[in-house]
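Spelled out from the first residue to the last, the chains are:
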There are 2 protein chains.
Amino acid sequence: MTSRSPFGDTFEYSINATAEQERLAAFVQNDRKTVVIQGLGFVGTAMAAAVANAKDAHGNLLYNVIGVDLPDEANYWKIARVLQGLASVVSTDTSLDAAYTTAHANGNLTATFSPFAYTLADVVVVDIHLDIKKKQLGNARDYDFTFDRYKEAITTVAERITNNTLILIETTVPPGTTEKVLKPLFERVGRGRGLDTSTIHLAHSYERVMPGKEYLNSITNFYRVYSGVDDASKQAAREFLSSFINTNDFPLTELHSTTASEMSKVLENSFRAMNIAFMQEWTEFAQDAGVNMFDVIQAIRVRPTHRNIMAPGFGVGGYCLTKDSLLADWSYSTLFESDKRTAHKRLEMSLSAINTNDMMPSFTVDLLKREMSDLHGKRITILGISYLNDVADTRYSPSELFYDLCEKEGATMQLHDPLVSYWVEKARDVHTSIDELRGLTHDAAIFAVRHSDYLAMTAEHILSALPGVSIIIDAFNIITDATAEALRERGVKMLGVGKGHWS
Amino acid sequence: MTSRSPFGDTFEYSINATAEQERLAAFVQNDRKTVVIQGLGFVGTAMAAAVANAKDAHGNLLYNVIGVDLPDEANYWKIARVLQGLASVVSTDTSLDAAYTTAHANGNLTATFSPFAYTLADVVVVDIHLDIKKKQLGNARDYDFTFDRYKEAITTVAERITNNTLILIETTVPPGTTEKVLKPLFERVGRGRGLDTSTIHLAHSYERVMPGKEYLNSITNFYRVYSGVDDASKQAAREFLSSFINTNDFPLTELHSTTASEMSKVLENSFRAMNIAFMQEWTEFAQDAGVNMFDVIQAIRVRPTHRNIMAPGFGVGGYCLTKDSLLADWSYSTLFESDKRTAHKRLEMSLSAINTNDMMPSFTVDLLKREMSDLHGKRITILGISYLNDVADTRYSPSELFYDLCEKEGATMQLHDPLVSYWVEKARDVHTSIDELRGLTHDAAIFAVRHSDYLAMTAEHILSALPGVSIIIDAFNIITDATAEALRERGVKMLGVGKGHWS
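Residues numbered from 1 in each chain as written. Chains lettered and ligands numbered in written order. Predicted model: local features only at pLDDT ≥ 70, side-chain atom pairs only at ≥ 80, totals over all residues. Heavy atoms only, no water.

Caption draft 1: Quick peek at the packing of helix α5 (residues 148-158) of chain B against helix α6 (residues 177-192) of chain B. All names here are of chain B. Direction vectors running N to C along α5 and α6 enclose 40°, while the axes themselves pass 10 Å from each other. One finds that α5 runs oblique with respect to α6. Where α5 crosses over α6, the handedness of that crossing is right-handed. Residue-level contacts link Tyr150, Lys151, Ile154, Thr155, Val157 and Ala158 of α5 to Val181, Leu182, Leu185, Phe186 and Val189 of α6. Partitioning the contact of α5 with α6 into residue classes produces nine nonpolar, one polar and one charged. (Axes fitted to C-alpha atoms, helices over the stretch in contact; angles between N-to-C directions. Helix = DSSP H or I, 4+ residues; strand = E, 2+ residues; numbered from the N terminus. Parallel < 35°, antiparallel > 145°, perpendicular 65-115°, else oblique. Left-handed = near helix turned anticlockwise from the far one by under 90°. Contact = heavy atoms within 4.5 Å. Nonpolar A, V, L, I, M, F, W, Y, C, P; charged D, E, K, R; others polar.)

Caption draft 2: Spotlight on unusual backbone geometry. In this structure, Asn477 of chain A is a non-glycine residue whose phi angle is positive, near 55°. Locating Asn477 of chain A in the fold gives a position in the loop between β18 (471-474) and α18 (481-489). Phi is positive for Ala427 of chain B, close to 50°, though the residue is something other than glycine.

Caption draft 3: Molecular detail of the interface of chain B and chain A. Tallying the contact residues gives 65 residues for chain B and 65 residues for chain A. When chain B packs against chain A, close to 5,600 Å² is buried across both sides, 68% of that on carbon and sulfur atoms. When the area that chain B buries against chain A is broken down by residue, the three leading residues are Trp282, Phe285 and Met349 of chain B, summing to 13%. The interface formed by chain B and chain A includes four salt bridges. The residue Glu268 of chain B makes a salt bridge to Arg303 of chain A at a minimum N-O spacing of 2.5 Å. Counting every contact that joins chain B to chain A gives 29 residue pairs in polar contact (both at pLDDT 80 or more). Those elements giving two or more residues to the side of chain B that touches chain A turn out to be α9 (258-289), α10 (293-301), α11 (324-335) and α12 (348-359) of chain B. Sort the elements by how many residues they give to the side of chain B that touches chain A and α9 of chain B lands first, with 22 residues. Classifying every residue of the side of chain B that touches chain A gives 33 nonpolar, 18 polar and 14 charged. (Buried area = accessible area lost by both parts, 1.4 Å probe. Salt bridge = Lys/Arg side-chain N within 4 Å of Asp/Glu carboxyl O. Polar contact = N/O pair within 3.5 Å; in protein donor to acceptor, adjacent residues only side chain to side chain.)

Caption draft 4: View of the pairing of strand β19 (residues 493-496) of chain A. Residue and element names in this part refer to chain A. The pairing of β18 with β19 spans four bridges and is classified as parallel. Bridge pairing in β19 places Asp474 opposite Gly496. Read as a crossover between parallel neighbours, the route from β18 over α18 to β19 is right-handed. (Pairing = 2+ DSSP bridges. Right-handed = clockwise from strand over helix to strand, strands pointing away.)

Caption draft 5: The arrangement of the packing of aromatic side chains in detail. This model, assessed by the stated rule, comprises 34 aromatic pairs over all chains. Their ring planes at 50° and their centres at 6.5 Å tell us that Phe278 of chain A and Phe271 of chain B sit as a pair that is tilted. Taken as a pair, Phe278 of chain A in helix α9 (residues 258-289) and Phe271 of chain B in helix α9 lie in two separate chains rather than in one. Side by side, Phe278 of chain A and Phe271 of chain B carry an identical accessibility label, which is buried. Judged by centre distance (5.3 Å) and plane angle (80°), the rings of Tyr403 of chain A and Trp423 of chain A are edge-to-face. Placement of Tyr403 of chain A in helix α14 (residues 399-408) and of Trp423 of chain A in strand β15 (residues 422-423) is noted, with a sequence separation of 20 residues between them. (Phe/Tyr/Trp six-rings, centres within 6.5 Å; stacked < 30°, edge-to-face > 60°. Buried < 20%, exposed > 50% of the residue type's maximum accessible area, 1.4 Å probe, protein only.)

Caption draft 6: Just the sheet that holds strand β14 (residues 412-416) of chain A, in detail. All names here are of chain A. One open sheet accounts for five strands, arranged β14-β13-β17-β18-β19; its pairing is parallel. Both outer strands of the open sheet, β14 and β19, are each paired with one neighbouring strand and no more. Direction aside, the axes of adjacent strands within the sheet are offset by 20° on average. Relative to strand β17 (residues 444-447), strand β13 (residues 379-383) runs parallel, the two being bridged by four bridges. Its bridge partner being in β17, Leu383 is matched across the sheet by Phe447. On the sheet, helix α13 (residues 361-371) packs against β13, β17, β18 and β19 and is oriented at approximately 155° with respect to β18.

This is how it looks when you write it as structure tokens:
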């Protein structure tokens, strides 16, 4: 079988369960404790690097680390890359690659498809996803959610662990999950296997890992929140987290319950999402009132109590801010349903914020249509496909809705992103070089992502890259007032989200 | 005629317009410039103190200051107090009293009912209110608003000023007011009087004055935002503001238009209101999930990007946060109506936040009713009547809705506040001494305001102050977990907003 990675490398693989068990058993034949990380995605990849490089006060490596992922076409390449000493996430963080190289040389990091790994674990870190799917954009109240697959994956762990194991849940889950769903699962399966479940420690801790250059650093050098289902679990989590996080500079925060820790995570992201949505409402107002909203928020941010007010922008993407409020809403309306007071309550305001954010790119389409009422046959170039500046991740990128809305009206969409050569969600090739745009004709162009390459462009660069362009929209504060003025002098109509003073 | 102040002093007064004009003309017979402050309310009172005490580099007083208010029973006492060297606002800020004493001794601060003052002005500072009234709590979309009275008051100024006058608007107004409403007014009236309107400078600047001990200081030692309708107006405003604000430590922020400055003010307050409402939604969730929301927000606030997340609370009161979003909404839906894109648009999210905040105290009633389903005949004691800790102001206090809801269900309401002896809005006397509560019987008590006196109470104090009490609700994080535990041991049922872990 073959698995192809987003790095472009291809791996042939076959499954030999017995041989793999023997290899893993040999791998842990030493005095170190063994940490098994379930899921080599965005968090698991960085966690594996952080934990594999953790050392005691004498400089001795603390752990054997085994990453586990699935033996299928979509996932096997992650295992294969780790076995070669390579990270399984595309990142601009060179320290991540270095950490994988070091761990590979030290021989204390491996990866496997075999759930036998859990048998060997002193600690299991759960870094698999728990998805919740909106049925359509703009109606966040209506989603599909089930624990089934997540519980299946956790059951794989519960069926194999031994006594005295710490299970650390890092997945973003509906508040109450560890206490109400996973604890009963571990107790039931554990008792069925004759384990002393009082020695199975169950804890929740959420990372605050960020993509980009500080990816690995945001695991080891940042504040962590955690809790456990009982005092022993809290203690086990505290000791484990302290062994690879710089807790001198970033002390741990222990909360009173895993439900509190789970709520803290989704609340953090909902706070951001809400404040982005709030600013969108005012940005639309400012647009029509001819106000430069970027100046206004700068005036407001001088107040310490107002520093977190958000800037106007194109939209919200990525995996967390777009859905974490839904997980909370599911919990609020469902997980505490035995309590009559809570059943069927909804997080109306937070869901409404998600809707506003999901629909944000349509405001940029509106701006465009103020100047170009009929998009049919127009060549519209999107500069920026990923969901975040200087990151290649295109999951839930705002450019997607903009693309869909313009295409629906008959526009011909042209694409550029310095970091994305192929847009999976739209199954389209993307120009990565500005030079390639020179050969096309452009009626309108939209700067959608604050990639460094775009921020560095002068009016001359922009004009030479976009032959024929008559309308440019700056959807994310990429073009300065001075550059906009220079472009305007050359006959280009300039519009910008939050830049009411341009109209 | 008689005017009675909230300090308890009573003033007899009569109107002699000619004598007053002569007095004012004599008052400004010196080399200083003259600043007239229209409105001796919460902002005008502090502004008068700040401007009257402003000095040049050589220590010479810069201005004659004349405060103007109305010669009626409700307002004359303000004028009378200033004439005696006393501030016209009840405040715990001793520096305000000192500033009035000093200015009185220096002889450069007076007050009058006479609009003749505007004739003498080099600068007119407009500190009168512009009200917007909700027709009912919980439906902020529906309000009464008119410029009529405000325009009348401004016309009084426009009809009397001379050339070379700066008009500084400090009133919180719908964005666009200075540019679209006041500028045409000054031009029309000015031209009718043969003024050179190019020498009439019109600017907007908003203060960030706070009640409490830093009241005066928050005028002179804090950041200011301003703009003018043209460059000369911006410059005039900048020079005037710099003459009494410590701009070395708190540089001024100049915005590009008065509309931007006006928007900045209402956006600031709407940002706070939105974040309070957002937290209310999550507090209700946390309550049912048994989570201590105060611990959670403390865990979240370690992130610099999340420092402004609000704490749970009883409600939102005062004059600004409860209504500023409505002024913005009026502007959005009305003031730019010539622009078809804007007409009838609403700030839905911000209005919804105001509704949530206005109804917040009903959540505390719900908490009470979980334990006391029938309030009829129950004696319920509210500890805290003002809208803010250690402040006597009761305008739009959250205690009001709590009071109304409980009374409607037949409860007997008992009242305490260390700073409020008479509750104007409810026309009721209030106990100011804890000792007076000892003579009453209490079925339930609610701690509603974070007054220092309440924060200092131990379990013993609380029990001895509230004979018979069986339920205590901490609506504003006033009682510690330890005190709550001590009270619980004494048989009191403890509930608290944001304190899900207590239930």
